Amino acid sequence: MIEAINDAHRVVMAADPDIVVFGEDVGYFGGVFRATAGLQKEFGKERCFDAPISEGGIVGTAVGMAAYGLKPLIEIQFADYIYPGYDQIVSEVARMRYRTAGEWTMPMVIRSPYGGGIFGGQTHSQSPEALFTHVAGLKVVIPSTPYDAKGLLIAAVEDPDPVIFFEPKRIYNGPFDGHHDKPVKPWSKHADSEVPDGHYTVPLGKARIVRPGNDLTVIAYGTMVHVALAAVEENGIDAEVIDLRTLVPVDMATIEESVKKTGRALVVQEATKTSGYASELVTLIQERCFYHLEAPVGRVSGWDTPYPHAYEWIYFPGPIRMRQALEKVMAD
């Protein structure tokens, strides 16, 4: 996935000289996860450069660039540190088009590794996506495969509106089924690791049915797509698994069609439970599919606590909690 994201940068930067890439350590070093490796050498220091350790300054600088014709593609090193830039994102990035009646747009992308499962503890494992889906004017994208990562990132850069692009760092180097005590599987053995050369896009706002099924609809995104897939197969349930890809705009048409077919739904997120994005999906399903439901919509999430280091695999929605949720939805 890292290589796919890096390649997406190269494709868009080669096609458009107005695209600039910057953030903490993204230039000379190529980023803490190497997602921008080699870009400074290829495109020069004026188009790929290091920024001070100031998330508010990074986002604020990008706002000025976007307002005056450039297309910033910036990186916040970890989503846990995006909060100092939150005021800029909410008050300027998300609102500029509305405030100027469309005279100014904000053609920018804010990339950030997010999520847990890497023993990062409270300051390197958070999932703050719900804070951004709540803000009108932002699009929020979370890929689950290398193929989608490249196609969605190119689509995000080409979109005229601002996009928050969260990258699940637990699956940077391979899919993760939730079994932390088993060997890591590399992407090279996964079908979705095949990434075409050159330009292609995955449209924003279009979900993907990863696994067809008839008895239950499981809705997930990011790392949880792979956890959900493993859980339904291990428990022998004929579930349809949907990878949202894009949280805003969300592909409700695909969700509705699936839930009306299966009559049952389970939403999975890694983030804390209260006011999480899963809550919004549960509400939307209840509003639109109520008369087709055979059971209450289920939900699996992290706990309402700071992300723990010592108890990571109790917090992280894994095989045991997935099995319990699947059994409950199917039994109701």
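Only a predicted model underlies this, so the values are computations on that prediction, with no experimental measurement involved.

1. A look at the sheet that holds strand 1 (residues 19-23)
Turning to step 1, where the next piece is worked out: With mixed pairing, the 7 strands of this open sheet are ordered in space as 2-1-3-4-6-5-10. Since the sheet does not close on itself, it has two edges, and those belong to strand 2 (48-50) and strand 10 (246-248), each with one partner. Going from strand to strand, the sheet's axes swing by 20° on average, the running direction of each strand aside.
Turning to step 2, where the next piece is worked out: Bridging between strand 1 and strand 3 (residues 71-75) involves 5 bridges; their strand directions are parallel. Opposite Val20, over in strand 3, you have Pro72 as the bridge partner.

2. Remarks on the nonpolar core
Turning to step 1, where the next piece is worked out: Val218 and Leu266 are the most contacted members of the largest nonpolar core, which totals 56 residues.
Turning to step 2, where the next piece is worked out: When neighbours within four sequence positions are excluded, Leu266 is seen to be in contact with Leu216, Thr217, Val218, Ile219, Gly298, Arg299, Val300, Met322, Ala325, Leu326 and Val329.
Turning to step 3, where the next piece is worked out: Within the second largest apolar cluster, 49 residues are counted, among which are Val20, Ile58, Met252 and Ala265.

3. Remarks on the packing of aromatic side chains
Turning to step 1, where the next piece is worked out: Counted by the stated rule, this structure contains 16 aromatic pairs.
Turning to step 2, where the next piece is worked out: Measuring from ring centre to ring centre gives 5.3 Å for Tyr86 and Phe132, while their planes differ by 80°; the resulting arrangement is edge-to-face. Pair noted here: Tyr86 is in helix 4 (residues 86-93) and Phe132 is in helix 6 (residues 129-133), with a separation of 46 residues, a long-range link.
Turning to step 3, where the next piece is worked out: Under the relative-accessibility criterion, Tyr86 is labelled partly exposed at 24%.
Turning to step 4, where the next piece is worked out: Judged by its relative accessible area of 0%, Phe132 is buried.
Turning to step 5, where the next piece is worked out: Between the aromatic rings of Trp313 and Phe316, the centroid separation amounts to 5.4 Å while the plane-to-plane angle is 65°, which identifies the pairing as edge-to-face.
Turning to step 6, where the next piece is worked out: Residue Phe316 is classed as buried on the basis of its relative accessible area of 2%.
Turning to step 7, where the next piece is worked out: Counting every residue linked through ring pairs, the aromatic cluster contains Phe33, Phe78, Tyr81 and Tyr172.
Turning to step 8, where the next piece is worked out: A cation over a ring is seen here: Arg34 above Phe29, with NZ or CZ 4.8 Å from the ring centre.
Turning to step 9, where the next piece is worked out: For Arg321, the ring lying beneath its charged end belongs to Trp303, and the centroid distance is 4.0 Å.

4. Things to note about empty space enclosed by the protein
Turning to step 1, where the next piece is worked out: Per the counting criterion, the structure on display carries 1 cavity of 30 Å³ or more.
Turning to step 2, where the next piece is worked out: Roughly 50 Å³ of internal volume is contained in the largest cavity.
Turning to step 3, where the next piece is worked out: Around the largest cavity, the lining residues are Ile19, Lys71, Pro72, Leu73, Pro107, Met108, Val109, Ala156, Val157, Asp159 and Asp161.
Turning to step 4, where the next piece is worked out: Of all the secondary-structure elements, those providing two or more residues to the lining of the largest cavity are strand 3 and helix 7 (146-158).
Turning to step 5, where the next piece is worked out: Here the lining of the largest cavity gets 3 residues from one element, more than from any other, and that element is strand 3.
Turning to step 6, where the next piece is worked out: In terms of residue class, the lining of the largest cavity is made up of 8 nonpolar, no polar and 3 charged.

5. Structural notes on the side chain of Thr36
Turning to step 1, where the next piece is worked out: Relative to the elements of secondary structure, Thr36 occurs in the loop between strand 1 and helix 2 (39-43).
Turning to step 2, where the next piece is worked out: At a separation of 3.5 Å, a polar atom in the side chain of Thr36 contacts the main-chain amide nitrogen of Gly31.
Turning to step 3, where the next piece is worked out: Setting aside anything within four residues of it in sequence, one finds Thr36 in contact with Asn6, His9, Val21, Val26, Gly30, Gly31, Glu75 and Arg111.

6. Looking at the sheet that holds strand 12 (residues 298-302)
Turning to step 1, where the next piece is worked out: Read from one edge to the other, the open sheet built from 5 strands follows the order 7-9-8-11-12, with strand pairing classed as mixed. Each end of this open sheet is capped by a strand with a single partner; those strands are strand 7 (208-211) and strand 12. Sheet twist, expressed as the mean angle between neighbouring strand axes with direction ignored, is 25°.
Turning to step 2, where the next piece is worked out: One ladder, built from 3 bridges, connects strand 7 with strand 9 (residues 239-243); its direction is antiparallel. Paired with Ile209 across the bridge in strand 9 is Ile242.

7. Section: the pattern of salt bridges
Turning to step 1, where the next piece is worked out: As enumerated under the stated definition, the model contains 19 salt bridges in all.
Turning to step 2, where the next piece is worked out: We note a salt bridge from Lys139 to Asp161, for which the minimum N-O separation is 4.0 Å. Remark: Asp161 occurs in the loop between helix 7 and strand 6 (163-168) and Lys139 occurs in strand 5 (residues 139-141); sequence separation between them is 22 residues.
Turning to step 3, where the next piece is worked out: Under the relative-accessibility criterion, Asp161 is labelled buried at 15%.

Thresholds, definitions, all that
Residues numbered from 1 in each chain as written. Predicted model: local features only at pLDDT ≥ 70, side-chain atom pairs only at ≥ 80, totals over all residues. Heavy atoms only, no water. Pairing = 2+ DSSP bridges. Helix = DSSP H or I, 4+ residues; strand = E, 2+ residues; numbered from the N terminus. Axes fitted to C-alpha atoms, helices over the stretch in contact; angles between N-to-C directions. Core = buried A, V, L, I, M, F, W, Y, C linked by side-chain atoms within 4.5 Å. Buried < 20%, exposed > 50% of the residue type's maximum accessible area, 1.4 Å probe, protein only. Contact = heavy atoms within 4.5 Å. Phe/Tyr/Trp six-rings, centres within 6.5 Å; stacked < 30°, edge-to-face > 60°. Lys NZ or Arg CZ within 6 Å of the ring centre and 35° of its normal. 1 Å grid on protein atoms, 1.4 Å probe; cavity = no way out; pocket = protein on both sides within 12 Å on 5 of 7 lines; lining within 4 Å. Points joined across faces, edges and corners; volume = space filled by probe spheres on them. Nonpolar A, V, L, I, M, F, W, Y, C, P; charged D, E, K, R; others polar. Polar contact = N/O pair within 3.5 Å; in protein donor to acceptor, adjacent residues only side chain to side chain. Salt bridge = Lys/Arg side-chain N within 4 Å of Asp/Glu carboxyl O.

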